[in-house]
Structures are given as C-alpha cells and as structure tokens.
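Residue strings, one per chain:
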There are 2 protein chains.
Amino acid sequence: MEVSRTLARFVVQSRYEAIPEAVRHEAARALLNWVGCAVSACRHETVERALAALKEFCGPPQATVLGRGERLDIMHAALMNGMSSHVFDFDDTHLKTVIHPSGPVASPLLALAEHRPVSGAEFVHAFVLGVEVECRIGGAVYPSHYDVGWHSTGTCGVFGAAAAAGKMLALDERQMTWALGIAATQASGLREMFGTMCKPYHPGNAARNGLAAALLAQKGFTSSERAIEAPRGFAHVLAAERNLDAITKGLGETFELASNSYKPFACGVVIHPIIDGCIRLRNEHNPAAELIESIALRVHPLVLELTGKQAPQTGLEGKFSVYHSAAAAIIHGAGGEAQYSDACVCDPRVVALRGRVTATVDPAVHEDETYVTITLKDGRKLEKHVAHALGSVDNPMSDADLEAKFRGLAEGILSSTETDRLIKLSRDVERLKDAGEVARASVPAGAAGNTRAKAS
Amino acid sequence: MEVSRTLARFVVQSRYEAIPEAVRHEAARALLNWVGCAVSACRHETVERALAALKEFCGPPQATVLGRGERLDIMHAALMNGMSSHVFDFDDTHLKTVIHPSGPVASPLLALAEHRPVSGAEFVHAFVLGVEVECRIGGAVYPSHYDVGWHSTGTCGVFGAAAAAGKMLALDERQMTWALGIAATQASGLREMFGTMCKPYHPGNAARNGLAAALLAQKGFTSSERAIEAPRGFAHVLAAERNLDAITKGLGETFELASNSYKPFACGVVIHPIIDGCIRLRNEHNPAAELIESIALRVHPLVLELTGKQAPQTGLEGKFSVYHSAAAAIIHGAGGEAQYSDACVCDPRVVALRGRVTATVDPAVHEDETYVTITLKDGRKLEKHVAHALGSVDNPMSDADLEAKFRGLAEGILSSTETDRLIKLSRDVERLKDAGEVARASVPAGAAGNTRAKAS
C-alpha cells in the first residue's frame, strides 16, 4: 500500500475550489483562535527565554513574532509562534486525536506568507491541507502512539507543517513525498515534558522542522518515499498499533478541520461545564460574592480526580482546582488566563469564596455536564444545569464566542482598535490579497522594533 | 533511580585532569577522522542541496562549513558539518552501539568554539564527555532501540551534542539536566531513511538540536528532570527493553571513546578484510592487472549475502560488490571514495579484472578474516591470510593509517600544505590555545568566500 505517496499526491493535486465553504470558514475560526493564543503568550517567559537563547543565531528579519516587535528568519518565527500559541494550553483541539492542530500548521505558513507573499485563499487552502495531513496521520496511530508517551501535536504536527508549507511552495508529487519523509524522520516530542517549557516547544519544533522539510525537498533533498508505511517508517516505529487505511480513505471527501474544537476557558476541559454554569448564573443573577452562602457542584468523577486541589497557591495550581475555578468564574465572569494568574489565585475575595465551594461526584453526570447550585445567605437558591459545556462537540463556540475569547487574549497587549483590526483580518483571511497582513497586524504600535511605530 | 540527573552531575563535575591520556589521544584521532570525512563530502550534493534550501534563513557568519568558504550561524554550521561528515558512511563507529559518535558531538562543539573561543583542552574534554553520554544512553537501549528502526546516531547523538555543548557553556547541574531533557524530546531519526540524504541529516540534526538544547537550558528553558528514565521518557518510549544501569554505572571509570573504531575503507565492514588483503598483496608484489589469471577469495558467509553484486553499474552499487572492491584494491591500492565513484566502477580495466574474481563462502572464516589467492598467468600464486582486517577491534588503524586516510579524504579539496597543517592542528588539538583554528584551517585558500583568500 502506497500511503506516503498517496497522501502527497492528494495534497499536490488538491484544488481550492474543492474545499467546502464550511471547512474554509472553520480555517478562519482556527486562525483567529491561534493568533489570539500566540499574541496572549508573546511575553511569557517561555518565549522570552527561547528568544534570549537563540536570537544571536537568527537570520534576516523575514517574519513576525506575533504580538511582538521582533522580526526573525522564517524558521525561528515559525518556532516562536508555534511555541507561544501553545504556552497557555488554550489552542484548538482535534478531539479524535487530541492533536492541537493549528500551531504546527499556521506557524510555518504565516511566516512563509510574510516572506513569499500569497493570497488569503492560498493560505487557507494550504492550512486546510496541513491540518488534514497531521490529523489523518495522528488518527492512524491513535491511541497506541499517544498512550506510549508521544505528544502527537509534535510528532504528527511536523507532517502537517511540511505538507502545508510544501503546498504553498508548489512542490511536485515526488518533492511532497520527500517532504513527508523528511518530516517523518524528525518526528519527536515526549509527554514526559508536560508541565515544562518543552511542551510548547513541541508544536514550535514541529512548525520549524516541517517548514525545513518542505524547503529541503524543494531543492531535491531526498528521503524515503515510504516514510509513513515502511516497516522501519513512522507508523511502525512510533506506534504499537496502526490503521494506515485511515490516512488515505476518503481523502478529499471529508475534512478533519470540521471536527476541530476550541477551548473557551484556560484550563483542562473537565472543569469547563462548571465554569460555564457559574458564568451563566452570574450573568443572569449577578450575585455578590459576599452574599453567597455556598456553591454546590454535582460533577463527573474525573473532575475531582484531576482537579480536586482545595488550596492552590499559584496560577498553575489553580488550573487543577475546580474550587478556585468556580469562585473565580462567579467573581470575574470568566475563565481566562487572568483567572489563572498567581494574583487571582491568591486574591482574598476569591480565596474566601472558594472555601464555600463543595463538589460531589455523580457517575450519572457526563463529562461535559454539571449541576450548579448557589445558595444565598438570604436562603434563595440559584440553579443551573449545563447539559453540554460551551466548547464541547454538542455546544461549539460560536463566532461571537471566539471573538470574545480573542478580546480576552489580546487584552493588555493590543489596543481595542488593534484588536478589532486583527479580528477582522483573521476572520476575513480568505479575501486578503496578502495573508502576511495578519502577522504584521498582530504587532502593537508601541512594541520595540515595530517599524510602524518608529515611522510615526 | 535518578538517571538524567546523575548523568548531568557527572558531566558538570568532570575535571579535565581526570580524563586518561589514552582517551584524550583517542579524541584527537576521532577529531582528525571526523574533519577528514566532513571535508571530503563538503561539495557533495547532499550538502549543496541543504545549503541551497536553507542559506537564505541563516544567521550571522559565526562558524565554518568545513572545507568550504561559507560561514554560517553556529546552528547551521553544526547541521552542515554533522551532515557532511556522515555522507560517505566513512566516519567512526562505536561498535557496541553502532553509533557514529563524532558527528553529533564534534559538529556543535567546533561551531561553538569558533563563536566563543575555548582552548583545545576544553574542547577535548567536552568532546570526550559528549561521546560518553551518547554512547552510554545508546548502550542502555541497544539493541531493541536500533532493531525497531531507530537510527541511534540521530536519537542518541542529540544527547551527546547537548552534553558536550553544555559542558563548554559551563551549565550548572540543573541546566545540564534540562539540556538532556530538551535533547530527549527532540530525539529522532528513522532507519527507513538509509540510502537517502536523510541518513546524514540525522547526525546533522542531532548536532544542531543538541546545541539548541544546551543554549536554551542556559537561559532557563525548563524541561523534565527525569527525561531519560521516566515512564513517558526517552528510554521507555523509544525502546522495548532497556538497561538504565548501563548509563550511570562506573561513570568516570571507563570511557566509551576507548572502544571507538575507524573505517579504513569507504564501504561496509564485511568487505574490509578482502580490501586489506588485496592492498597488502599489491604492496608486496605489485602484480599488473593484465598478468593476473584469477583472484580467489575465501570469505565469511555475510560477504556474499550483503555484497555479492557481480556487475555493479554505479559507484554506490560498487559498495555492494566484493568483486569490484577486490579488483579496485589491486589496481588502485586503496578502498576510498574514489574507488567507489561511477568512473572507477565503469573503468574497463577494473571491469575486466573483477570478472576474474571468485568468492567462496567458508563458515569457518571470521567476519574480520579472509584468504586471498592471486594466480598469475605465469602460474605463480600470491597468497595472503588476513586474520583481522585493518580497522577491526583486534587491528585498529594506527595514527599513521588515520593520517593516510585523511590525505585520501582531503585530496582534490585541500593542497598538500593545507592538508599537512590541518592534520597537525587536529592531532595536536589539545595544545591549541583556540580550538576553532581547526575549523578555519579546513578551508582551502581558493574557496569562494574564504576571507584569507580575499585578503591576499
């Protein structure tokens, strides 16, 4: 069975017109979410330290580090943006494979688009194909590949980056096959790294290495043409079980991007129904924290298993506390990165309220479901049943939800005018003459090294 | 058991004085062999295509591409030199693990040494430690890791690169542990790539990625501190069986570099006894090819299994022909890359002689052994029993052999004066004030971009 070659041929022969409108729209939604995530973490110490370490080795200023003034060579820009977009674990998720698909694919594409301008339509086309490739390969080796310890956003993302960049570079079939091969032999990323800066390094690396794969293949750098399916190829070496059919079956008929999902809240999905319910109660009744006697949660068993921390001390620990998450949602009406800052986790008002939150496990409650009951000091009860949390398969975030999330992510980095413009450019990416505009619009006027700022 | 941390501590605390003199001498031998290999392939299309693809993204001219005029940022210099040194499969081999140890370790070190000058003694110290780390990790997962399809020169080389570069950067224990972790999560390289340009890409990538790991760790980029031994760490995810004790047992008491070996001939080791025997007969009797009636070889069974090609058409096919190898050795007195060129394989004199070579399998003959009998047209018989081929464990290449090999490798690229100087610098590397001199001395006066040439 020719897997690598078949996949390469599909990418090379794919025509823009054959991509369904709904899939192209999903690409714009994914782009908006990805840009927001990258901008929000652009000053995080993960990015600062990586820049401090690598800056003196970077090439010419070809592409933007999103949200910042620096421009780096496209390899390093792809690395930095792939990394920053995953720092807060707030990027998109392809639920069937737990791959975070946009980081490895959008990062090299946008960097390349700044260096060799392409239209928004070409950008969207390459993006859709890159996501298709990484998710199909991920699907073929899921779950054994993930279970043994591979972080598939890294190991499969590199294929997506190579395919997307290769499409934009107009590789021919043989070159595309090589690009997939050069990607395969760079596949890496261990789940052991979760909780360290190496986790976001994975999509960054995938982005950079996949981009290099496409550029090398373009110049005739050879590789195996059976890199995915051969006995010593990717699928056999990195997974105990595999279903290679899943890679080639129905290519062009279905699109993996259609089952992409977005997180409304900056923490693990198990807490999402609780935050969703608390925010809805707040929006409907606006109960002052001081007037709340207790908050009772009825939750799926995983909630306490994974996020049962009663007294978190840091922002990161807050992500593993359903108690903190509920209290912060009632007080702030949000579950963004700000609600998982050290300051918020230690805020006396939040600490006081979280002490009045109780959670009861109920095996009848589904993973995306919860029952929230607020008892006020005057005896009144406010109740909310969340059947499907916002962002789950049965209740996806709307375009308006994604824009609201974006505004939260950009806060403190972009002005509201800049935010509006970047939302518009991302949402309308398909109609742009020059897709690279999105990258340049992510840089605030005041950022050091911003040439727009300097010129004014 | 603390494996990563223990290994990191060993590297950080190691003192130059504790490295035995014989091991330091072996480092100089390995350096000489590695520089020769890199110089010999510096104009190979593998390097040309990689440079063509990546050059426009390179950073400042910080380090030398060995044998060439270009200077690249240290990351890309490490990539290119790690790659070129493995192109001809002529670099060194750590026999216990089949790792080619020098490429991934010397490449980042020499690039770094040009950017942040260090003494030859510091260079040798870091080199010895890098080889120690990659070979010990390789030993812990051998053979299951290799058998399943990993190219350990890539997957383990990245640890060696990180440790060596980290030593030169004077990382502290925690930073060194992170560097090993950042290396672990980049470990990659599939044996499926053998026979393509991706094979030499593996040590190049290992060199570059390990160097990045050390630089990132230096700036506080965090990683798992149990990256090798954790259940989702390197040894468990990339190998079915492992012996973690082998990594930490007797650290500092034995040195893996002591069991390094070098290839005298540019082909698979199974043909080495035959080439060795033919060259010795030629040197002793100098029989003209036209006067040879037949050449009869008695060989180990693997020789015909792996290299039984009777009528090779290309240089590469010649490497899989014991018949061609014997004929070329008699006519040219060598088994270098020149004897595996298309021209040599198609040379009518060589073709005619190879038709008179016969090989008989004898299970009593060892892998490093052979019996060669040349029958001359006048009826005389010339016989040679090679008990242990040159370059085998029991008959290592002498310093003079390595110098002769180097001269063959540098031929056509460096003048004899330049060759002499580079041999002297490599051999005496421990006494250099500035180890980077070795890199600069590899560039011929006429090379484009060579500043020495321009200045004169």
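Computed from a predicted structure; not experimentally measured.

(A) Spatial organisation of the overall build of chain A. Across its full length, chain A holds 23 helices and 8 strands. Against the 2.2 N^0.38 benchmark of 23 Å for 456 residues, chain A shows a C-alpha radius of gyration of 22 Å, consistent with a compact globule. Counting only C-alpha atoms, chain A reaches 75 × 60 × 40 Å along its principal axes. Put simply, chain A has 456 residues, and 60% of those count as buried. Looking at chain A alone, contacts between residues at least 24 apart form 79% of all its contacts between residues at least 6 apart.

(B) Region of the structure containing the interface of chain B and chain A. On the chain A side, the residues contacting the 48 residues of chain B number 48 residues. Sorting the residues of the side of chain B that touches chain A by element identifies helix H3 (45–54), helix H4 (74–87), helix H10 (173–184), helix H11 (198–218) and helix H12 (234–237) of chain B as the ones contributing at least two each. The leading source of residues in the side of chain B that touches chain A is H11(B), at 7 residues.

(C) Fine view of the relation of the copies chain B and chain A. With an axial shift of 0.1 Å and an RMSD of 0.1 Å, the rotation relating chain B to chain A amounts to 180°. Both chain copies can therefore be described as sitting about a two-fold axis. Of every C-alpha in chain B, the one belonging to B:Gly59 sits nearest the axis of rotation, 1.8 Å from it. Here 100% of the interface residues in chain B have copies in chain A that are interface residues too; the copies meet face to matching face.

(D) Seen up close, helix H21 (residues 416–427) of chain B. Residues and elements named next belong to chain B. The terminal C-alpha atoms of H21 lie 16 Å apart, and with 12 residues this matches the ideal 16 Å at 1.5 Å per residue to within 8%. All buried positions along H21 are accounted for by Thr419, Leu422, Ile423, Leu425 and Ser426. Seen from one end, H21 has its buried residues packed into an arc of 165°, which puts them on one side. Structurally, H21 contributes buried residues whose contacts are with helix H2 (21–40), helix H20 (399–410) and helix H22 (437–440).

(E) Summary view of the sheet that holds strand S7 (residues 370–376) of chain A. Residue and element names in this part refer to chain A. The 4 strands are arranged S6-S5-S7-S8 in an open sheet whose pairing can be described as mixed. A strand with exactly one partner marks an edge of an open sheet, and here the two such strands are strand S6 (357–361) and strand S8 (381–386). Looking at each pair of strands side by side, their axes are set apart by 15° on average, direction ignored. Sheet topology note: the strand S5 (residues 292–299)/S6 ladder contains 5 bridges and is parallel. Considered in S6, the bridge of Ile295 is made with Val357. Against the sheet, helix H17 (residues 322–332) engages S5 and S6, with an angle of about 125° to S6.

(F) Structural view of the sheet that holds strand S8 (residues 381–386) of chain B. Residue and element names in this part refer to chain B. Taking strand neighbours across the sheet as the criterion, the 4 strands line up as S6-S5-S7-S8 in an open arrangement whose pairing is mixed. Each edge of the open sheet is held by one strand with a lone partner, namely strand S6 (357–361) and S8. With direction set aside, neighbouring strand axes in the sheet form an average angle of 15°.

(G) A look at the domain arrangement of chain A. Domain parsing of chain A yields domain 1 (3–261) and domain 2 (269–386). A straight line from the C-alpha centre of domain 1 of chain A to that of domain 2 of chain A covers 35 Å.

(H) Quick look at helix H20 (residues 399–410) of chain A. Residue and element names in this part refer to chain A. The end-to-end C-alpha separation of H20 is 16 Å, in line with the 16 Å expected for 12 residues at 1.5 Å each. Residues Leu402, Glu403, Lys405, Phe406, Gly408, Leu409 and Ala410 constitute the buried set of H20. In this structure, the buried residues of H20 make contact with helix H2 (21–40) and helix H21 (416–427). Two residues or fewer after H20 comes Gly412, characterised by a positive phi angle close to 85°.

(I) Quick peek at unusual backbone geometry. All names here are of chain A. Cis peptide bonds are those with omega within 30 degrees of zero, and the linkage from Tyr142 to Pro143 qualifies with 5°. Along the polypeptide, Pro143 turns up in the loop between helix H6 (120–141) and helix H7 (144–148). One non-glycine residue, Asp89, adopts positive backbone phi at about 50°. Following the sequence through the fold, Asp89 ends up in the loop between helix H4 (74–87) and strand S3 (93–94).

(J) Representation of the confidence of the model for chain A within the structure. In this model, chain A carries a mean pLDDT of 95, and residues with pLDDT of at least 70 account for 98%. For residues 451–456 of chain A, every residue scores under 50 in pLDDT, and the model assigns this stretch 4 contacts once sequence neighbours within four places are set aside.

(K) Quick look at the pairing of strand S7 (residues 370–376) of chain B. All names here are of chain B. Examined bridge by bridge, strand S5 (residues 292–299) and S7 share 6 bridges and lie antiparallel to one another. Directly across from Ile292, in S7, lies its bridge partner Leu376. Summarising the sheet, S7 and S8 pair through 6 bridges and their orientation is antiparallel. If you follow Ile374 over to S8, its bridge partner there is Leu382.

(L) Up close: the packing of H4(A) against helix H11 (residues 198–218) of chain A. Residues and elements named next belong to chain A. Interaxial distance between H4 and H11 falls to 7 Å at its minimum, and their mutual angle equals 150°. On the basis of their axis angle, the class for H4 and H11 is roughly antiparallel. Where H4 crosses over H11, the handedness of that crossing is right-handed. Between H4, through Ile74, Met75, Ala78, Leu79, Met80, Gly82, Met83, Ser85, His86 and Val87, and H11, the contact on the second element is made entirely by Lys199, Pro200, Tyr201, Pro203, Gly204, Asn205, Ala206, Ala207, Arg208, Leu211 and Ala212.

Cut-off values and rules
- Residues numbered from 1 in each chain as written.
- Chains lettered and ligands numbered in written order.
- Predicted model: local features only at pLDDT ≥ 70, side-chain atom pairs only at ≥ 80, totals over all residues.
- Helix = DSSP H or I, 4+ residues; strand = E, 2+ residues; numbered from the N terminus.
- Rg over C-alpha atoms; globule rule 2.2 N^0.38 Å.
- Buried ≥ 20, exposed ≤ 12 C-beta atoms within 10 Å, placed from the backbone.
- Contact = placed C-beta atoms within 7 Å.
- Least-squares fit on C-alpha atoms with pLDDT ≥ 70 in both.
- Expected span 1.5 Å × (residues − 1).
- Arc of directions from axis to C-beta.
- Pairing = 2+ DSSP bridges.
- Axes fitted to C-alpha atoms, helices over the stretch in contact; angles between N-to-C directions.
- Domains from an automatic or database assignment.
- pLDDT = per-residue confidence, 0-100.
- Parallel < 35°, antiparallel > 145°, perpendicular 65-115°, else oblique.
- Left-handed = near helix turned anticlockwise from the far one by under 90°.

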